[in-house]
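Okay, here's what each chain looks like letter by letter:
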Amino acid sequence: MKLWKKVLAAVTAGMLCLGCAGVSGLQGVLGSVSAVLPVCAAENDTAYTVTVPVGTRTTQLTYAVNAEDTVEITDCENDAAGDLEIPAEIDGKTVTSIGDSAFFGCTSLTSVIIPNSVANIGDSAFFGCTSLTSVIIPNSVANIGYSVFDGCTSLAEITIPSSVTSIGGNAFVNTPWLAARQEENPLVIVNGILLDGTTCTEKEIVIPNDVTSICGFAFWKNHMTSVVIPDSVTSIGSYAFSDCGNLKNITIPDSVTFFGESVFTNTAWVTYRYDENPLVIINHILVDVDRDQCSGKVTIPDGVTSIAEGAFENCSRITEIAIPDSVNSIGSSAFFNCAALKEIAIPEGVTSIDAVTFYGCDSLTSISIPKSVTFIGELVFCNCMNLSDVYYAGTPEQWNAIAITGGNSTDNYDNYFLVTAAIHFADGTVTKPADVVAGDIDKNGDVDSTDIYYVLYYVANIAVGNDGELSTKQIAAADVDGNGTVDSTDIYYMLYYVALHGAGMQKSWEEILAK
């Protein structure tokens, strides 16, 4: 029996049983259906491989080609063993970056030579390379990400050139190299970057005047009671003083223009600040908020110029946030998982909406975006399944020019709920919500057994007088025959569609409904 016939047989039996089985029988119905439905995997971005020598053997490096026609190393076979020299060029293209987690868990690598073409080493690039004993970082590298060598328990020799101007938190934690540096001086400083002070036993810490930045997690769980930050410091990384429970006094100079996420979380100092104002503002930057006090509508005062990374993260009771026109920068994950947030307007002057800013804001229905925005990052609107309206202050041409991570089509996994919302332009024109795609109830870009489950559940609930538990858009998507009612006919068409596509017969909805 062909696949589509099996599916139709299963659903026919299920529909006949549904009337007497009720909602509780749906799992059994779906079990018989899913037994004959194929499992579909998402497509991966284009990746390439190259074979390179390592030790006495070879290994495969996976890489991606960037828009600038340069190469980023993205992966390595986990069994790579011995000494590795990363090539400076692959297929005539310059290697400029080692991507996040590229060599994660390559426990048999003993040494790595990075070419003089690499400018960036991504987060966790060599995490857990437990046999790695030495690394030479060339003077082309400017950035070393978070946890790059975390857990490299044999790494005793690291060459860090003066070209490195940025180092992420925990970059060298759990390495013999860091332990040796801590014995020399509990304040470990490289190129003006304060990497670590966790072993410092002084109760009152004065950071030296040659420090320009403080790494993420630099003093995590330290028992200090006070710290003086010099006016040479311009940035403080995420969780730098987090969980320093005894920290009561902090001197922060006006020179600090960047604060990472949760810099002062769980310190006595921030608790005192919450008593003064639930919005903690330093140097015109909204750094943190008291999640216990913030609920309903929150108004950020005029004069604030920046909202720090994760500032409102997990503020589950906020329904609306008023951002003043003075704000020109919003950090990544600033409103992460604000589950009750319904609407927000981003002021003119903000140029980018960074990664996961609104991730998990599943009550968000509308957002206003200014024409100054030119970039929208990774997973900014992931799980914002109720986002229906985007009010954009520019023209359709300007909207299409925004660099949206994942693209501006319905194939966009990163920001699917953004590009499938109705876009309201300044001239009054509106694009139709692209997320009303026939049969795609969960808006994952495909019609599959999960969508059929939702429609069966909806029909069964409506039949017994219950709420169908689908949004207006989901009901529109479920009404595949367009007759204004979601019923067994729609389910039949959806199963027919899934069965045909599973059998490799790429029929359109128009062709299926014409039968």
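For the structure given in this document, a descriptive report is provided here. These figures come from a predicted structure and were not determined experimentally.

**Quick word on the environment of D91**
Relative to the helices and strands, D91 is located in the loop between strand 5 (89–90) and strand 6 (93–98). Given a relative accessible area of 64%, D91 falls into the exposed group. Taking the C-alpha atoms as reference, D91 lies 9.5 Å from V71; in sequence the two are 20 residues apart.

**Here we look at the sheet that holds strand 14 (residues 193–196)**
Read from one edge to the other, the open sheet built from five strands follows the order 13-14-16-18-20, with strand pairing classed as mixed. Here the strands that pair on one side only, and so sit at the sheet edges, are strand 13 (188–190) and strand 20 (258–259). Two elements, strand 16 (residues 213–214) and strand 18 (residues 235–236), share two bridges in a ladder whose sense is parallel. Looking across to strand 18, one finds that I214 is bridged to I236. Here helix 3 (residues 176–184) sits on the sheet in contact with strand 13 and strand 14, set at roughly 110° to strand 13.

**What about the nonpolar core?**
Counting 79 residues, the largest nonpolar core has F103, F126, F172, I214, F219, F241 and F264 as its most contacted members. Aside from chain neighbours lying at most four places away, what touches F172 is I144, F149, I158, I160, I167, W177, L178 and L195.

**What to know about the packing of aromatic side chains**
Tallying each qualifying case throughout the model produces 23 aromatic pairs. Seen in terms of ring centroids, F336 and Y359 are 5.2 Å apart; in terms of plane orientation they differ by 15°. Their pairing is stacked. Taken together, the residues span a long stretch of sequence, with F336 in the loop between strand 26 (329–330) and strand 27 (343–345) and Y359 in the loop between strand 28 (352–353) and strand 29 (366–369) at a distance of 23 residues. Grouping aromatic residues by their ring pairs yields a cluster made of F103, F126, F149, F172 and W177.

About the criteria used
- Residues numbered from 1 in each chain as written.
- Predicted model: local features only at pLDDT ≥ 70, side-chain atom pairs only at ≥ 80, totals over all residues.
- Heavy atoms only, no water.
- Helix = DSSP H or I, 4+ residues; strand = E, 2+ residues; numbered from the N terminus.
- Buried < 20%, exposed > 50% of the residue type's maximum accessible area, 1.4 Å probe, protein only.
- Pairing = 2+ DSSP bridges.
- Contact = heavy atoms within 4.5 Å.
- Axes fitted to C-alpha atoms, helices over the stretch in contact; angles between N-to-C directions.
- Core = buried A, V, L, I, M, F, W, Y, C linked by side-chain atoms within 4.5 Å.
- Phe/Tyr/Trp six-rings, centres within 6.5 Å; stacked < 30°, edge-to-face > 60°.

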